[in-house]
Number of protein chains: 2
Amino acid sequence: MKNFDFEEERVKQEILKLGAKRVLLQLPEGLKPEAPRLAKIIEKTGALPIVSADPCYGACDLATEAAESLGVDMIIHYGHAKLLKHAPVPAVYVEARATVNVNEAIEKALPLLRKWQKIGLTTTVQHVQTLDAVRETLVRAGKTVIIGDTGRLGYPGQVIGCDYTNAKSILKDVEAFLFVGGGRFHALGVALSTSKPTIVADPYNNQAFSVADDAERIIRQRWRSIEEAEKARSFGILIGLKPGQKNMEQALQIRQKFEEKGKTACLLALKEVTPEALMEFPTIEAYVNTACLRLSVEDAQRYRVPVLSKNEALVVVGEMSWEELCRKGLFEN
Amino acid sequence: MKNFDFEEERVKQEILKLGAKRVLLQLPEGLKPEAPRLAKIIEKTGALPIVSADPCYGACDLATEAAESLGVDMIIHYGHAKLLKHAPVPAVYVEARATVNVNEAIEKALPLLRKWQKIGLTTTVQHVQTLDAVRETLVRAGKTVIIGDTGRLGYPGQVIGCDYTNAKSILKDVEAFLFVGGGRFHALGVALSTSKPTIVADPYNNQAFSVADDAERIIRQRWRSIEEAEKARSFGILIGLKPGQKNMEQALQIRQKFEEKGKTACLLALKEVTPEALMEFPTIEAYVNTACLRLSVEDAQRYRVPVLSKNEALVVVGEMSWEELCRKGLFEN
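Residues numbered from 1 in each chain as written. Chains lettered and ligands numbered in written order. Predicted model: local features only at pLDDT ≥ 70, side-chain atom pairs only at ≥ 80, totals over all residues. Heavy atoms only, no water.

The next thing to look at is the layout of surface pockets. The method is simple in principle: a probe with the dimensions of a water molecule rolls over the atoms, and the space it marks as empty is what remains. All names here are of chain B. If you add up the space inside the second largest pocket, you get close to 980 Å³. Taken together, 43 residues line the second largest pocket, and the ones lying closest to its centre are Tyr57, Gly79, His80, Gln126 and His186. Elements represented by at least two residues in the lining of the second largest pocket include exactly α7 (185-194) and α11 (293-298). Sort the elements by how many residues they give to the lining of the second largest pocket and α11 lands first, with three residues. (1 Å grid on protein atoms, 1.4 Å probe; cavity = no way out; pocket = protein on both sides within 12 Å on 5 of 7 lines; lining within 4 Å. Points joined across faces, edges and corners; volume = space filled by probe spheres on them. Helix = DSSP H or I, 4+ residues; strand = E, 2+ residues; numbered from the N terminus.)

Another aspect to go through is the interface of chain A and chain B. Between chain A and chain B, the contact holds 41 residues from the first and 41 residues from the second. Carbon and sulfur atoms make up 61% of the surface buried where chain A meets chain B, a total of about 3500 Å² over both sides. Considering only the side of chain A, the residues that lose the most area to chain B are Ala53, Glu280 and Phe281 of chain A, jointly responsible for 14% of the buried surface there. For the pair chain A and chain B, the number of links is four salt bridges. The partner of Lys40 of chain B in a salt bridge is Glu259 of chain A, and the shortest N-O contact between them spans 3.6 Å. Between chain A and chain B we count 14 residue pairs in polar contact (both at pLDDT 80 or more) in total. Considering every element that reaches the side of chain A that touches chain B, the biggest residue donor is strand β11 (residues 264-270) of chain A, with six residues. Note: strand β2 (residues 48-52) of chain A against strand β11 (residues 264-270) of chain B, three bridges, orientation parallel. For Ile50 of chain A, the partnering residue across the bridge sits in β11 of chain B and is Leu267 of chain B. (Contact = heavy atoms within 4.5 Å. Buried area = accessible area lost by both parts, 1.4 Å probe. Salt bridge = Lys/Arg side-chain N within 4 Å of Asp/Glu carboxyl O. Polar contact = N/O pair within 3.5 Å; in protein donor to acceptor, adjacent residues only side chain to side chain. Pairing = 2+ DSSP bridges.)

With that settled, consider the pairing of strand β8 (residues 198-202) of chain B. All names here are of chain B. Most of β8 sits inside the fold, with five of its five residues counted as buried. The side-chain alternation of β8 yields two buried faces, one formed by Thr198, Val200 and Asp202 and the other by Ile199 and Ala201. Across four bridges, the pairing between strand β7 (residues 176-180) and β8 is parallel. Directly across from Leu178, in β8, lies its bridge partner Ile199. A crossover links β7 with its parallel partner β8, the connecting element being α7, and its sense is right-handed. The sheet contact formed by β8 and strand β9 (residues 207-210) spans four bridges and is antiparallel. In the sheet register, Ile199 faces β9, and the bridge partner there is Ser210. What sits between β8 and β9 in their antiparallel hairpin is a turn of four residues, with Asn206 showing a positive phi close to 50°. (Buried < 20%, exposed > 50% of the residue type's maximum accessible area, 1.4 Å probe, protein only. Right-handed = clockwise from strand over helix to strand, strands pointing away.)

Turning our eyes to something else, we now look at the pattern of salt bridges. Residues and elements named next belong to chain A. A full pass over the atoms with the stated rule returns 48 salt bridges over all chains. Salt-bridge contacts for Glu95 lead to Arg97; the nearest nitrogen and oxygen are separated by 2.8 Å. Measuring nitrogen to oxygen at the nearest pair gives 2.9 Å for the salt bridge that ties Glu216 to Arg220. In this pair, Glu216 and Arg220 are both assigned in helix α8 (residues 212-231), four residues apart and thus about one turn of the helix distant. The class of Arg220 is partly exposed, set by a relative accessible area of 46%. Linked through salt bridges whose partners overlap, the residues forming this network are Glu7, Arg10, Glu14 and Lys17.

All right, on to helix α5 (residues 131-140) of chain A then. All names here are of chain A. Along α5, the positions that sit buried rather than exposed are Leu131, Val134, Thr137 and Leu138. Down the axis of α5, the sector holding all buried residues measures 120°, keeping them to one side. Exposed and oriented more than 90 degrees from the buried face of α5 are Asp132 and Arg140. Looking at the buried side of α5, the elements it contacts are α4 (103-112), β5 (118-123), β6 (144-146) and β7 (176-180). Downstream of α5 by a residue or two, Gly142 has a phi angle that is positive, lying close to 90°. (Arc of directions from axis to C-beta.)

One finds Phe235, Ile237 and Phe258 of chain A together with Ile50 and Leu70 of chain B to be the most contacted residues of the largest nonpolar core, which totals 61 residues. Not counting the four nearest positions on each side in its chain, Ile237 of chain A is found in contact with Ala251, Ile254, Arg255, Phe258, Ala265, Cys266, Leu267, Leu268, Val288 and Thr290 of chain A. Ala67 of chain A together with Leu241, Leu267 and Leu314 of chain B belong to the second-largest nonpolar core, a separate cluster that totals 60 residues. (Core = buried A, V, L, I, M, F, W, Y, C linked by side-chain atoms within 4.5 Å.)

All right, on to the sheet that holds strand β13 (residues 307-308) of chain B then. Strand pairs in the sheet, formed through backbone hydrogen bonds, run parallel or antiparallel to each other. In space, the eight strands of this open sheet follow the order β4(A)-β3(A)-β1(A)-β2(A)-β11(B)-β10(B)-β12(B)-β13(B), with parallel pairing throughout. Each edge of the open sheet is held by one strand with a lone partner, namely β4 (91-94) of chain A together with β13 of chain B. Of the strands in this sheet, β1 (22-26), β3 (74-78) and β4 of chain A touch helix α1 (residues 8-18) of chain A, which is tilted by about 165° from β3 of chain A. (Axes fitted to C-alpha atoms, helices over the stretch in contact; angles between N-to-C directions.)

A separate point is the relation of the copies chain A and chain B. Look at the two chain copies: a rotation about an axis and a shift along it is all it takes to match them. The transformation that overlays chain A on chain B combines an axial shift of 0.0 Å with a rotation of 180°, and the residual RMSD is 0.0 Å. Such a combination of turn and shift is consistent with a two-fold rotation axis. Considering only C-alpha atoms, the residue of chain A closest to the rotation axis is Glu65 of chain A, which sits at 3.8 Å. Of the interface residues in chain A, 100% have counterparts in chain B that sit at the interface too, so the contact is made through matching surfaces. (Least-squares fit on C-alpha atoms with pLDDT ≥ 70 in both.)

Positive phi, normally seen in glycine, also occurs at Ala96 of chain A, with a value near 55°. Note that Ala96 of chain A resides in the loop between β4 and α4.

Here we take up the packing of aromatic side chains. This structure, assessed with the given rule, holds eight aromatic pairs over all chains. Cation over ring: Arg97 of chain A sits above Tyr155 of chain A, and NZ or CZ is 4.9 Å from the ring centre. (Phe/Tyr/Trp six-rings, centres within 6.5 Å; stacked < 30°, edge-to-face > 60°. Lys NZ or Arg CZ within 6 Å of the ring centre and 35° of its normal.)

Moving on, we get to the environment of Gln117 of chain A. Residues and elements named next belong to chain A. Relative to the helices and strands, Gln117 is located in the loop between α4 and β5. Residue classification places Gln117 among the partly exposed residues on the basis of a relative accessible area of 36%. In the structure, Gln117 is positioned 59 residues away from Ala176 in sequence and 8.3 Å away in space, judged by C-alpha atoms. When residues no more than four places from it in sequence are discounted, the contact partners of Gln117 are Gly142, Lys143, Thr144 and Glu175.

Purely geometric numbers; function is a separate question.
This is the structure we're talking about:
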């Protein structure tokens, strides 16, 4: 996987520095194929590497329970910047910065940005090191470039699956966003959080495209989900069991709001929110997901019944209007 | 779900006895649809019920980590007899005994048993209360009936997905087995552990049938898996993260045996062994599953590469013969 920097030397140094004897290696799905190769490299330090093979989609999902259960001395977590402030096991984060050149994708994005003058720049941790150069390219093309920084994430302009505050913080100052990175997932998050035109510059395929159609499709789908959930009588309130996804208090509050409206609301705790897991409860007519806001939106069509965010649930119980929800953005917590 | 006794009154009493304020309710997949109804009943004690919605296939999978993470005072575990001797959170087991009448299925099984005189009787915990009556029916039909009891499980004649010692202990004294219960899964376990003809009396469909063809198909499939694994150079050794499935020492031993044979062996820890999880490691050519012996045998065709049991791995490294493996039974640990 030549597109990413796995920082093998730093990883070895960190293991030796801590004198770790047993190490848990955790990678998100896209990087997992590298795990056996990295394990071999870790072995050279004398430490025993164990690869976490459960799904991982973010730093919210640091494998602390597995680490404690396996008695490892440290976790090497790839692909995400640090998110959890405290972890019961020392964790080293390897952000897996992309080594691909972004120039061609940016050049292809410029024509798609021609209608707008003020551009907000966003990206994932894999490409934060390119933002200065991208800014320069855009400025040379006559654009005004703004990069948001709320300090909530590790880097200016950075977004993660469930946090678009760096984009939202400059919402009023820009006409459109340029997202640098692979795929539609994060760019859609920007579009749905800001309601602004969002153009992707994808350096892996050297392509540029708008996510406007996808964003519109998802907005329509969310509206239908809320309408359908308004008719439901029996709700499941999902509590995430991943360390950075547990919102017990939020789940209890939502449950109470539904019960006050005469609805039935059952608390369901789980590690992985999947269509298969929810299929096991045929009497539940709609869910509220307090675990990971993004996944149930992304995969909505795979679920038998609506899976709402907390704010969408507030629309259902009449405590928030659809307009307010759209203004806040779909992923506001 | 009228076929099972959910012991609602005892559950309420146990909660009140312990003074539990927060309760985790865990059910296997087949019983999960009852969870919202049971949660409502638990609410009447004043305790807050939370349903575990992650997959559960046995008492090996007691949701202790979820219980600790959610701060519950007790776990109500349905569908399995107690397996783990120690749990960090008090657990009450509700075995969910079946209330269906087994007579018709047994009558239908009798003609299928006509060739054999000495019959071993096995069942799951759901039907252990029927074994005395079933024995009488068989004795009236002229059979000699033996029920094994090694004391490893809760009840004489009981089998679970990974323990057929009650059947194996009477192997030499019987000509065939009668399994009382639903589906093929456990009966196949009996057949594969004993290499004896095994007849199912399924009281849910009032049907009786032999699992001989299925057992033969699986034996052939295991042989092919071993042959294929013998050609592999890169192995993944799976370590289960469920409390009753973790065999760290076994995994380390197997890893060493493979490395001594010049193979690469990477340790992979995970909670759910699924085809999707293993798909993430395209360079690994075969796995050894030290977690749950049964699942990788049952679902073999869903996996891209062979997934072996510990003993099958010993065949691959030349420390056990195929004949010895068959004699021990596929699920011997």
